[in-house]
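# Structural characterization, general
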Amino acid sequence: MKKPKTILDIREMYETKKKIAVLTAYDYPFARIMDHAGIDIILVGDSAGNVVAGHENTLPVTMEEMIYHTRSVTRAVEHSFVVADMPFLSYQADISDARRNAGRLVKEGGAHAVKLEGGINLRQTIRAITDMDIPVVGHIGLTPQSVHRMGGYRIQGRNAEQSRKIKEASEAVREAGAFALVLEGIPELLAGEITASLDIPTIGIGAGPLCSGQVLVAHDMLGLSQGFSPKFVKRYAELSQLMTNAFTEYITDVKEGKFPGKEHSFN
Ligand code: KIV
């Protein structure tokens, strides 16, 4: 029976100091499995662009793709709260675009909330979306949609000036009405200071243990992503290896006439 968590459950977890566990999902089977495993929040991340579509960064991801992924996830979910990412160019150019696109993720995708990347520059946009009664998650620090401004995926906030800007961004996002804030790729003490100073939950990724919760990209923690694995990723499984073994065994079985056997055939 569908009884997904609500923003009130997330708030209660924060107030009673229970850590919030978040993972990304982009499709029905992943969402179903992590929902049954008890994940609190599923983030339909625009990281789909990297880990599912094979793009170099998240910039090419479109609204239509995010709606497709969000629908696939919400169809599977019975217990988790679902947050959908707003992709690049769906909220930066124009506030009325931002409102319409946030609304589409809720109306067509079935998301319970949306997430967007940025700080002081997004105050009015976040306010405009929360004014439509759509809960918003902020995202500051290493923001992948700003890859070209940052000159790559670099830890942010290591010097005093950057650290001050990130703190100001956290306050701006909170004041604009965000109910939670993703802190990505910042030093753990800075994440701890922000978490202590805000009255909303922080969800860290590469931001150390002092946040109110943690998020990882599911494909990274399952060992499904290709190439470089960042320091902050703990690999809980090596699914690429398991899948390679299964595919190789199947290919051999077919070529040697061992599959299908009698038990897989009809009389
Ligand atoms: O798109 C995504 O997966 C994200 C997480 C890295 C927080 O935004």
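Please refer to the structure placed before this passage.
This write-up is about the structure you can find in this document. Bear in mind that the values here come from a model prediction, so they are computed numbers and not experimental data. (Residues numbered from 1 in each chain as written. Predicted model: local features only at pLDDT ≥ 70, side-chain atom pairs only at ≥ 80, totals over all residues. Heavy atoms only, no water.)

### Description of the overall build of the protein
Let me state the cut-off plainly: Strands are runs of DSSP state E lasting at least 2 residues, helices are runs of H or I lasting at least 4, and numbering of each runs from the N terminus. The globule rule used for comparison is 2.2 Å times the number of residues to the exponent 0.38, while the radius of gyration itself is calculated over C-alpha atoms. Burial classes: relative accessible area under 20% of the type maximum marks a residue as buried, over 50% as exposed, and values in between as partly exposed (1.4 Å probe, protein chains only). The contact criterion used is simple: two residues touch if any of their non-hydrogen atoms lie within 4.5 Å. Areas reported here follow the Shrake-Rupley algorithm with a probe of radius 1.4 Å; residue values treat only the protein chains shown as occluding. Positive charges come from Lys and Arg, negative ones from Asp and Glu, while His and the chain ends are left out of the count. Just so you know, the charge point we use is NZ for Lys, CZ for Arg, CG for Asp and CD for Glu.
Within the protein, the secondary structure is distributed over eleven helices and eight strands. For a compact globule of 267 residues, the expected C-alpha radius of gyration is about 18 Å, and the protein comes in at 20 Å, within 12% of that figure. Seen through its principal axes, the protein has C-alpha atoms that stretch 70 × 40 × 40 Å. In the protein, which comprises 267 residues, the share counted as buried stands at 48%. Within the protein, contacts between residues separated by at least 24 positions form 59% of all contacts whose residues are at least 6 apart in sequence. When the accessible surface of the protein is totalled, it reaches about 14100 Å², and 56% of it is carbon and sulfur. Computed over 30 positive and 32 negative side-chain charges, the inter-centroid distance for the protein is 1 Å.

### Considerations on the nonpolar core
Note on soluble globular proteins: their nonpolar side chains tend to be buried together. Short version of the rule: In this description, a nonpolar core means a group of buried Ala, Val, Leu, Ile, Met, Phe, Trp, Tyr and Cys residues linked to one another through side-chain atoms lying within 4.5 Å.
If you look at the biggest cluster of nonpolar residues, it comprises 50 residues, and the most contacted ones within it are Ile129 and Leu183. Of the residues forming this core, the biggest block, five residues, is contributed by helix H4 (residues 63-76). Once residues within four sequence positions are removed from consideration, Ile129 is found in contact with Met86, Ala98, Arg99, Ala102, Val114, Leu116, Ile134 and Val136. Counting residues in each nonpolar core, the second largest holds 16 residues, with Met13, Phe81, Ala113 and Val182 among its members.

### A word on the packing of helix H8 (residues 160-176) against helix H9 (residues 188-197)
Note the threshold: Fitted lines through C-alpha atoms give the axes, limited to the stretch in contact for helices. The angle between two N-to-C directions lies from 0 to 180 degrees. When an angle is under 35 degrees it counts as roughly parallel; over 145 it counts as roughly antiparallel; between 65 and 115 it counts as roughly perpendicular; any other value is oblique. With the far helix as reference, a near helix turned anticlockwise by less than a right angle produces a left-handed crossing, and one turned clockwise produces a right-handed crossing.
Interaxial distance between H8 and H9 falls to 10 Å at its minimum, and their mutual angle equals 30 degrees. By the criterion of interaxial angle, the relationship of H8 to H9 is roughly parallel. Two packed elements cross with a definite hand, and for H8 against H9 that hand is right-handed. Together, Ser163, Ile166, Lys167 and Ser170 of H8 and Leu190, Glu193 and Ile194 of H9 make up the contact between the two elements.

### Some points on the packing of helix H6 (residues 123-130) against H8
In the contact formed by H6 and H8, the axes pass within 8 Å of each other and the chain directions differ by 25 degrees. Considered as vectors, H6 and H8 are oriented roughly parallel to each other. Relative to H8, the crossing made by H6 is right-handed. Packed against H6, whose contacting residues are Arg123, Ile126, Arg127 and Thr130, the element H8 presents Ala172, Val173, Glu175 and Ala176 at the interface.

### Structural notes on the pattern of salt bridges
Our working definition: Think of a salt bridge as a Lys or Arg side-chain nitrogen and an Asp or Glu carboxyl oxygen that are within 4 Å of each other.
This structure, assessed with the given rule, holds twelve salt bridges. Between Lys5 and Asp40 there is a salt bridge whose closest N-O contact spans 3.5 Å. With a gap of 35 residues between them, Lys5 in the segment before helix H1 (7-15) and Asp40 in the loop between helix H2 (28-37) and strand E2 (41-44) connect regions that are remote in the sequence. For Lys5, a relative accessible area of 24% corresponds to the partly exposed category. With a closest N to O distance of 2.9 Å, Glu238 and Arg235 form a salt bridge.

### Description of the sheet that holds strand E6 (residues 180-184)
Quick note on the threshold: Strand pairing requires that DSSP identify at least two bridges connecting the strands.
The strand order E1-E2-E3-E4-E5-E6-E7-E8 describes a closed barrel built from eight strands, whose pairing is parallel. Ignoring which end each strand starts from, the neighbouring axes of this sheet average 25 degrees apart. Bridge analysis of strand E1 (residues 20-24) against strand E8 (residues 213-216) gives four bridges, and the strand direction is parallel. Each residue of the ladder has a partner; that of Ala21, found in E8, is Gln214.

### With respect to the site of the ligand
Our working definition: Here, proximity means that at least one heavy atom of the residue falls within 4 Å of the molecule or strand. As used in this structure description, the phrase polar contact means that two N or O atoms lie within 3.5 Å; if the pair is within protein, one of them must be able to donate a hydrogen and the other to accept it, and residues adjacent in sequence are counted only when both atoms belong to side chains.
Near the ligand, the surroundings consist of Thr24, Leu43, Gly45, Asp46, Ser47, Asp85, Lys115, His139, Glu184, Ile205 and Val217. Asp46 is positioned with one of its side-chain polar atoms (N or O) 3.0 Å from an oxygen atom of the ligand. Here an oxygen atom of the ligand sits 2.8 Å away from a polar atom, N or O, in the side chain of Lys115.

### Side note on the pairing of strand E3 (residues 81-85)
Threshold: The crossover handedness rule: strands pointing away from the viewer, path from first strand over the helix to second strand clockwise, crossover right-handed.
Along E3, five of the five residues are buried, which leaves the element largely enclosed by surrounding structure. Relative to strand E4 (residues 113-117), E3 is paired through three bridges, and the arrangement is parallel. Across the sheet, Ala84 pairs through a bridge with Val114, a residue of E4. Running through helix H5 (residues 95-107), the crossover from E3 to the neighbouring parallel element E4 is right-handed.

### A look at the pairing of strand E5 (residues 136-141)
In terms of burial, E5 is largely enclosed, as six of its six residues are buried. As paired strands, E4 and E5 are joined by four bridges and run parallel to one another. The residue bridging Glu117 from the neighbouring strand is His139, located in E5. Each parallel crossover has a hand, and the one from E4 via H6 to E5 is right-handed. Of the pairings in the sheet, the one linking E5 to E6 comprises five bridges and is parallel in character. Residue pairing across strands places Val137 opposite Ala180, the latter belonging to E6.

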